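Secondary and tertiary structure notes
Residues per chain, in single letters:
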Amino acid sequence: MAEVGRVSIRLPSSIKQGDVVRVRTLVIHPMEIVQRDKQGKIISKNYHFIHSLAVAFNGKEIMRAETTQAISQNPSFTFPLKVDKPGKLTVTFSDTTGKSYEGSAEIKFV
Amino acid sequence: MTALDLLDSLSAFMDFIELLKDDVTIGRRTFLRVITSVLAFVGAAKDILFSARAGAQSVATGLPLPDELIEATMKRLFGNRTLQPGAGKIKLDLPLIAEDGGNVAVTIESDLPVGGATHLNHIYIISDKNRRPMLAKFTFTPESGKAFVSTSVRLATSTDVRAIAEMSDGALYAVSKNVRVTISGCDVPPQS
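Residues numbered from 1 in each chain as written. Chains lettered and ligands numbered in written order. Predicted model: local features only at pLDDT ≥ 70, side-chain atom pairs only at ≥ 80, totals over all residues.

**Side note on the overall build of chain A**
Here is the rule: A run of H or I in DSSP becomes a helix once it reaches four residues, and a run of E becomes a strand once it reaches two; helices and strands are each numbered from the N terminus. The reference for a compact globule is 2.2 Å times residues^0.38; the radius of gyration itself is calculated from the C-alpha atoms.
If you tally the helices and strands in chain A, you get 0 helices and 7 strands. Against the globule reference of 13 Å for 110 residues, chain A gives a C-alpha radius of gyration of 16 Å, more extended than a compact globule. Dimensions of chain A, computed from the C-alpha atoms along their principal axes, are close to 60 × 25 × 20 Å.

Structure below.
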């Protein structure tokens, strides 16, 4: 999957000051699950999955998540955001290969 | 080696200190005893530190964590604290029947405040029958405005799914819901 790590963020179409909006984010990622051999023993290797997610708005932390292999492939998360002023929303996913994938969105009032 | 072993060796050492106060001359036997207890203490401390580091390392490198029963997970996460019924405080939305266990939508919404004196800190998603029952842990800050999260998880089999909210004062509120899973989400290889 060439696209691994593409982060997309979806915001509501109109945001007013003071709203608590729901933001949806999605990342393309295989989220490998534990594999077992024929005896049912876990194959010991470094599995490739996202282990944490951090959301920040204007540099302030909004939400943090610890995720495991029990999260579906191409995971999506919806989280709340209290909008007091316009700014930049950043979402950072970190995976077990040491890579991190970042997505960002500008929040403006209409 | 566990924390209990550490305590054991520590108390053995303390006993010896008490003994020292009583008689000033140290015999060969008592001397050997202090050496053993000190060594045991150092060994236990090293083991505990090492295992904590190994746990952290395995999360970051993707080595699979050992299988765990739901009781063990609850004990590890919450100790002996009691879970209060969270109906009315937390809303957990799950399908009644999940055709694909590999992709089950979970929505958790709570009216508990995320700011103020006692506020909601974490929300855990726990599945009773997964091999590693803790699926995800979410941490909220006052800037989030509301405790709400929605994601999709993998469920191994038909199971109870719990949403547990942990407050800043340590109180725990739990709700659970049963899901029937048609195809396991954990036994199929991931599609690439």
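**Some remarks on the overall build of chain B**
Heads up, the condition is: A residue is called partly exposed when the number of other C-beta atoms within 10 Å of its own lies between 12 and 20, exposed at 12 or fewer, and buried at 20 or more, with C-beta atoms placed from the backbone. Contact definition: two residues whose C-beta atoms, as placed from backbone geometry, lie within 7 Å.
When helices and strands are tallied, chain B shows 3 helices and 9 strands. Starting at the N terminus, the α and β elements of chain B follow one another as α-α-α-β-β-β-β-β-β-β-β-β. Evaluated residue by residue, chain B yields a buried proportion of 27% over its 192 residues. Within chain B, counting contacts between residues at least 6 apart in sequence, those at least 24 apart form 71% of the total.

**As for the interface of chain A and chain B**
Selection criterion: Amino acids are sorted into nonpolar (Ala, Val, Leu, Ile, Met, Phe, Trp, Tyr, Cys and Pro), charged (Asp, Glu, Lys and Arg) and polar (every other residue, Gly among them). Strands qualify as paired when DSSP identifies two bridges or more between them.
On the side of chain B, 33 residues touch chain A, which itself brings 39 residues to the contact. Elements that contribute at least two residues to the side of chain A that touches chain B include exactly β2 (20–27), β3 (50–57), β4 (60–67) and β5 (76–82) of chain A. When the residues that make up the side of chain A that touches chain B are grouped by side-chain class, the tally is 20 nonpolar, 12 polar and 7 charged. By the bridge criterion, 2 bridges tie β5(A) to strand β7 (residues 147–153) of chain B in an arrangement that is antiparallel. Looking across to β7(B), one finds that T78(A) is bridged to S150(B).

**Some words on the environment of S150(B)**
As for its position among the elements, S150(B) is in strand β7. Look at S150(B) and you get partly exposed, because 16 C-beta atoms sit within 10 Å. In the structure, S150(B) is positioned 20 residues away from G170(B) in sequence and 23 Å away in space, judged by C-alpha atoms. If we ignore the near neighbours within four places in the chain, the residues touching S150(B) are T78(A), V106(B) and T107(B).

**Things to note about unusual backbone geometry**
Residues and elements named next belong to chain A. Although it is not a glycine, M31 adopts a positive phi angle of roughly 45°. Along the chain, M31 falls in the loop between β2 and β3. With a phi angle near 45°, N74 is a residue other than glycine that sits in the positive phi range. Its place among the elements puts N74 in the loop between β4 and β5.

**Quick word on the sheet that holds strand β2 (residues 90–93) of chain B**
What counts here: Every axis in this analysis is a line fitted to C-alpha atoms, fitted for helices over the stretch in contact. Angles between the N-to-C directions lie between 0 and 180 degrees.
Pairing is antiparallel in the open sheet, where 6 strands are placed in the order β1(A)-β2(A)-β5(A)-β7(B)-β4(B)-β2(B). Whereas interior strands pair on both sides, the edge strands pair on one side only; in this sheet they are β1 (7–10) of chain A together with β2 of chain B. Sheet twist, expressed as the average angle between the axes of neighbouring strands with direction ignored, equals 15°. Looking at chain direction, β1(A) and β2(A) are connected through 4 bridges and run antiparallel. Within β2(A), the residue paired with S8(A) across the bridge is L26(A).

**Here's the deal with the nonpolar core**
Cut-off, in case you're wondering: Put simply, a nonpolar core is buried Ala, Val, Leu, Ile, Met, Phe, Trp, Tyr and Cys residues tied into one set by C-beta atoms within 7 Å.
Residues F79(A), I123(B), I125(B), L135(B), V153(B) and A163(B) are the most contacted members of the largest nonpolar core, which totals 54 residues. Beyond its immediate sequence surroundings of up to four residues, A163(B) is in contact with I90(B), L92(B), I108(B), I123(B), I125(B) and V175(B).

**Digging into the pairing of β3(A)**
Residues and elements named next belong to chain A. Both β3 and strand β6 (residues 87–95) contribute to a ladder of 7 bridges, which runs antiparallel. Opposite I50, over in β6, you have D95 as the bridge partner. Judged from the 6 bridges that link them, β3 and β4 form a sheet pairing that is antiparallel. Opposite L53, over in β4, you have A65 as the bridge partner. Taken together, β3 and the strand that follows it, β4, pair antiparallel across an intervening segment of 2 residues, in which N58 is found at a positive phi of about 55°.

**Overview of the confidence of the model for chain B**
All names here are of chain B. Here is the rule we go by: Every residue is assigned a pLDDT by the predictor, reflecting its confidence on a scale from 0 to 100.
On average, residues of chain B score 81 in pLDDT, and 67% of them are at 70 or above. This model gives residues 51–55 a pLDDT under 50, and the stretch forms 0 contacts once residues within four places in sequence are excluded. Model confidence for the complex: the whole-complex pTM is 0.76, and ipTM, which rates the interface, is 0.91.

**Digging into the environment of T139(B)**
One can find T139(B) in strand β6 (residues 134–140). Residues T139(B) and L120(B), 19 residues apart in the sequence, show an inter-C-alpha distance of 8.6 Å. Excluding residues that lie within four positions of it along the chain, T139(B) makes contacts with M63(A), R64(A), N121(B) and H122(B).

**Some words on the environment of K82(A)**
Position of K82(A) relative to the elements: it lies in strand β5. Owing to 18 C-beta atoms within 10 Å, K82(A) belongs among the partly exposed residues under this scheme. The residues contacting K82(A), other than those within four sequence positions of it, are V20(A), E143(B), S144(B) and G145(B).

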